[in-house]
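Here's the letter readout for the chains.
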Amino acid sequence: MQGWIIIKIILVFYIVLKLINMSVTRLNLANPDDSDVKFKISKFPDGQQSITLDMVDADLPNKITVSITSRLNSFKDLEIIIAANQALREFSYVENVKLNVPYFLGARSDRKFEAGTCNYLKNVICPIINSQNFSRVTVLDPHSDVLEACLNNYHKHNNHRLVKDALTHIDNKDGAQNRICLVSPDAGAYKKIFDVAKEFKIDNIVTATKVRDLKTGKILHTEVPTPEMHNDIKYVIVDDICDGGRTFTEIAKAIKAVRPTAKIYLIVTHGIFSAGFGDLNSQFEKIFSTNSYGDFDNSQLLQFNLFKN
């Protein structure tokens, strides 16, 4: 038994020495198999969660930076992120802790919507993240610029890698740019779509418009300009979040009302897909997304894995 304990201590020291030779050590809460730091999550009867890191407590000469990668879909995710951060800071050789959360909880609640409510990002979620003193917080394709104003040490990644991979899948032949028409879901998303068009040298862009009842604010129908184009044009809707998906299916229906044989594709960075895939599958040739929010089994969905190195 004593010999086994000695072997275990040697193995732990070996792991730590390996970690300090890395520029950034990864703590991957979303994919334990791809994590440099091994860990165990425990759950208690009252709902509390805690984490135990497989690291040795010792004074080491070299300092390391640890990057926590996690989903941030709920307060349960947030609890583990905080527990992991605080556990890491117990080790003297951990100098900096970064946080990588591709999807950010409450990203759409970026303002006070009505009396009796609050600005969720500004007053609820961001103060908690800021209290953890991360040296950098990285978010993928955030919903709005409000997050930048509310989050300390904020760093964002755009959606260009996802769009590039999706467009290559849609059409990888010469002159593909001329056969693609990007569709902005609304005027608010146009700047992001324009940046995508500029990056990939796509000239064709249209913007969808929701026509509302002026008295009730209810959406009556969706309009999409369909300028004269050659028959093999492919319409590609690009946005950051797909929740239920009705916005996108209505856009597709509006396009098909004018061009019944149109091939339409959907690229969304964060797929929540709360209403399932029935309506989405009926309107789109293919749906492209990351697994920032979850992993889904759907034959018409191509997901790009963010949590595997």
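A brief structural summary. Along each chain, residue indices are assigned from 1 in the same order as the chain's sequence is written. For a predicted model such as this one, the threshold for reporting local features is a pLDDT of at least 70, and the threshold for listing and counting side-chain atom pairs is 80 or more; totals across whole chains, interfaces and linings nevertheless cover every residue. Each side-chain value is derived from all of the structure's non-hydrogen atoms; neither hydrogens nor water enter the calculation.

### Regarding the state of the cysteines
- Defined by distance alone, a disulfide is two cysteine sulfur atoms within 2.5 Å. Enumeration according to the criterion identifies zero disulfides in this entry.
- Take Cys150: it sits in no disulfide, and the sulfur closest to it among the cysteines is that of Cys126, at 4.9 Å.
- When its relative accessible area of 14% is taken as the criterion, Cys150 is described as buried.
- Of all cysteine sulfurs in the structure, the one in Cys181 sits closest to Cys242, which takes part in no disulfide; the separation is 19 Å. Relative accessible area decides the class of each residue, using a 1.4 Å probe on protein chains only: under 20% of the type maximum gives buried, over 50% gives exposed, and in between gives partly exposed.

### Describing the side chain of Asp171
- For Asp171, the location among the structural elements is in the loop between helix 5 (160-170) and strand 8 (180-184).
- According to the relative accessible area criterion, Asp171 is buried, its value standing at 11%.
- Separated by 2.7 Å, the side chains of Asp171 and Arg179 make a polar contact.
- In what follows, a contact means two residues having at least one pair of non-hydrogen atoms within 4.5 Å. Apart from the residues lying within four places of it in its own chain, the contact partners of Asp171 are Ala176, Arg179 and Lys234. Helix and strand definitions follow DSSP, with helices as H or I runs of at least four residues and strands as E runs of at least two, each counted in order from the N terminus. Between N or O atoms, a polar contact is any pair within 3.5 Å; within protein, one atom must be a potential hydrogen donor and the other a potential acceptor, and residues adjacent in sequence are included only when both atoms are from side chains.

### Quick look at the packing of helix 5 against helix 6 (residues 190-200)
- Only the stretch in contact is used when fitting a helix axis, every axis being a line fitted to C-alpha atoms; angles between N-to-C directions are given from 0 to 180 degrees. Look at helix 5 against helix 6: their axes get within 11 Å of each other, and the N-to-C directions meet at 60°. Looking at the two axes, helix 5 sits oblique to helix 6. Helix 6 is crossed by helix 5, and the crossing has right-handed handedness. Between helix 5, through His160, Val163, Lys164 and Leu167, and helix 6, the contact on the second element is made entirely by Asp195, Val196, Glu199 and Phe200.
- Nonpolar residues are Ala, Val, Leu, Ile, Met, Phe, Trp, Tyr, Cys and Pro. Charged residues are Asp, Glu, Lys and Arg, and all others, Gly as well, are polar. A class-by-class count of the residues in the contact of helix 5 with helix 6 yields four nonpolar, one polar and three charged. Roughly parallel covers angles under 35 degrees, roughly antiparallel covers those over 145, roughly perpendicular covers 65 to 115, and oblique covers all other angles. In a left-handed crossing the near helix is turned counterclockwise from the far helix by less than a right angle, and in a right-handed crossing that turn is clockwise.

### Topic: the side chain of Gln49
- Tracing the chain through its elements places Gln49 in strand 3 (residues 49-53).
- By relative accessible area, Gln49 is classed as buried at 9%.
- A polar contact is formed between the side chain of Gln49 and the side chain of Glu79, at a distance of 2.9 Å.
- Beyond its immediate stretch of four places on either side in the chain, Gln49 contacts Ile41, Ser42, Lys43, Lys76, Glu79 and Ile80.

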